[in-house]
Amino acid sequence: MNLITKALPHAHAGREVVPVLVDRHKLARRRWRGVAADGTDFGFDLNESLNHGDCIYETDTKSYVIEQTAEDCFLIALKGAQQAAWIGWMVGNLHFKASFSDEGVLVQDDLAVEQMLNREHIHYDRVQRVFQPAKQGGHSHDHDHGHSHDHGHSHSLGDDNGHSH
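For clarity, every value in this text was computed on a predicted model and none was experimentally measured.

Rules and cut-offs
- Residues numbered from 1 in each chain as written.
- Predicted model: local features only at pLDDT ≥ 70, side-chain atom pairs only at ≥ 80, totals over all residues.
- Heavy atoms only, no water.
- Pairing = 2+ DSSP bridges.
- Helix = DSSP H or I, 4+ residues; strand = E, 2+ residues; numbered from the N terminus.
- Axes fitted to C-alpha atoms, helices over the stretch in contact; angles between N-to-C directions.
- Phe/Tyr/Trp six-rings, centres within 6.5 Å; stacked < 30°, edge-to-face > 60°.
- Buried < 20%, exposed > 50% of the residue type's maximum accessible area, 1.4 Å probe, protein only.
- Salt bridge = Lys/Arg side-chain N within 4 Å of Asp/Glu carboxyl O.

### Considering the sheet that holds strand β8 (residues 98-101)
Working step 1: Read across the sheet, four strands follow the order β8-β9-β7-β10 without closing on themselves; strand pairing throughout is antiparallel. Across the chains shown, the open sheet's two edge strands, defined by having one partner strand only, are β8 and β10 (125-129). Pairwise comparison of adjacent strand axes, ignoring direction, gives a mean angle of 35 degrees for this sheet.
Working step 2: Of the strand pairs in this sheet, β8 and strand β9 (residues 104-108) are connected by four bridges, and their pairing is antiparallel. Each bridged residue has a counterpart across the sheet, and for serine 99 the counterpart in β9 is leucine 106.

As structure tokens, this is what we get:
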């Protein structure tokens, strides 16, 4: 087993990239074990948690890179700053983490979030993404409600002033 205490500064070009698949929750921890796609075993004893894309180990021919697994999320497209602030406030009020991009707001798939989005008539899409919420501030409930996501209806969107119809 190879003991990893920190990420390498960068991966060297030209080497075979071997992924070490890990979910977001394990990746946030500082002590854990993982196995690369080629079977190489790693132990992690870190001062700082690792991130998706970090190179953790290299041989003469291979670079071992952290690959965070995709998870079920809600993607909420935004129409303007006022709507972004309104949705951010509502998601934050539920104490859920979010990530923000040009695509919109990405929030973990959770029943409480889904109920809030439906109640407020906020359009969202279910997507599979690598979820990398901001590390600072708040906390996440990160729990499973044991519910199914097998429905195909669409959701309507509130207007630019944050009012639902």
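### Some details on the packing of aromatic side chains
Working step 1: Following the criterion strictly, the structure yields six aromatic pairs and no others.
Working step 2: With 5.6 Å between their ring centres and 70 degrees between their planes, phenylalanine 42 and tyrosine 57 make a pair best called edge-to-face. Of the two residues, phenylalanine 42 is situated in strand β4 (residues 41-45) and tyrosine 57 in strand β5 (residues 55-58); the sequence distance between them amounts to 15 residues.
Working step 3: You can call phenylalanine 42 buried: its relative accessible area is 0%.
Working step 4: Under the relative-accessibility criterion, tyrosine 57 is labelled partly exposed at 28%.
Working step 5: Aromatic pair phenylalanine 42 and tyrosine 64: ring centres 5.3 Å apart, planes at 65 degrees, arrangement edge-to-face. You can see phenylalanine 42 sitting in strand β4 and its partner tyrosine 64 sitting in strand β6 (residues 62-68), a full 22 residues away along the chain. Neither residue differs from the other here; phenylalanine 42 and tyrosine 64 are each classed as buried.
Working step 6: Taken together through their ring pairs, the aromatic side chains of Trp32, Phe42, Phe44, Tyr57 and Tyr64 make up a single cluster.

### Here's the deal with the pairing of β9
Working step 1: Among the five residues of β9, five are classified as buried, and the element is accordingly described as predominantly covered.
Working step 2: Hairpin geometry of β8 and β9 is characterised by an intervening segment of two residues between the two adjacent antiparallel strands.

### Remarks on the pattern of salt bridges
Working step 1: A full pass over the atoms with the stated rule returns nine salt bridges.
Working step 2: Among the salt bridges present, the one from arginine 15 reaches glutamate 58, with a minimum N-O distance of 3.0 Å. One end of the pair, arginine 15, is in the loop between β1 (2-4) and β2 (16-22); the other, glutamate 58, is in strand β5, and 43 residues separate them in sequence.
Working step 3: The exposure class of arginine 15 is partly exposed, given its relative accessible area of 25%.
Working step 4: In this structure, glutamate 114 and arginine 126 form a salt bridge, with 2.7 Å as the shortest nitrogen-oxygen distance. Of this pair, glutamate 114 sits in helix α3 (residues 111-119) while arginine 126 sits in strand β10, placing them twelve residues apart in sequence.
Working step 5: Under the relative-accessibility criterion, glutamate 114 is labelled buried at 8%.
Working step 6: Salt bridges sharing partners connect three or more residues here, namely Asp109, Glu114 and Arg126.

### Regarding the sheet that holds β1
What holds strands together in a sheet is hydrogen bonding between their backbones, with the strands either parallel or antiparallel.
Working step 1: On the basis of which strands lie adjacent, the open sheet formed by three strands has the order β1-β4-β3 and mixed pairing. Either end of the sheet is taken by a strand with one partner, and the two such strands are β1 and β3 (31-35). Strand-to-strand, the axes of this sheet are offset by a mean angle of 25 degrees, without reference to chain direction.
Working step 2: Both β3 and β4 contribute to a ladder of five bridges, which runs antiparallel. Paired with arginine 31 across the two strands is aspartate 45, which belongs to β4.

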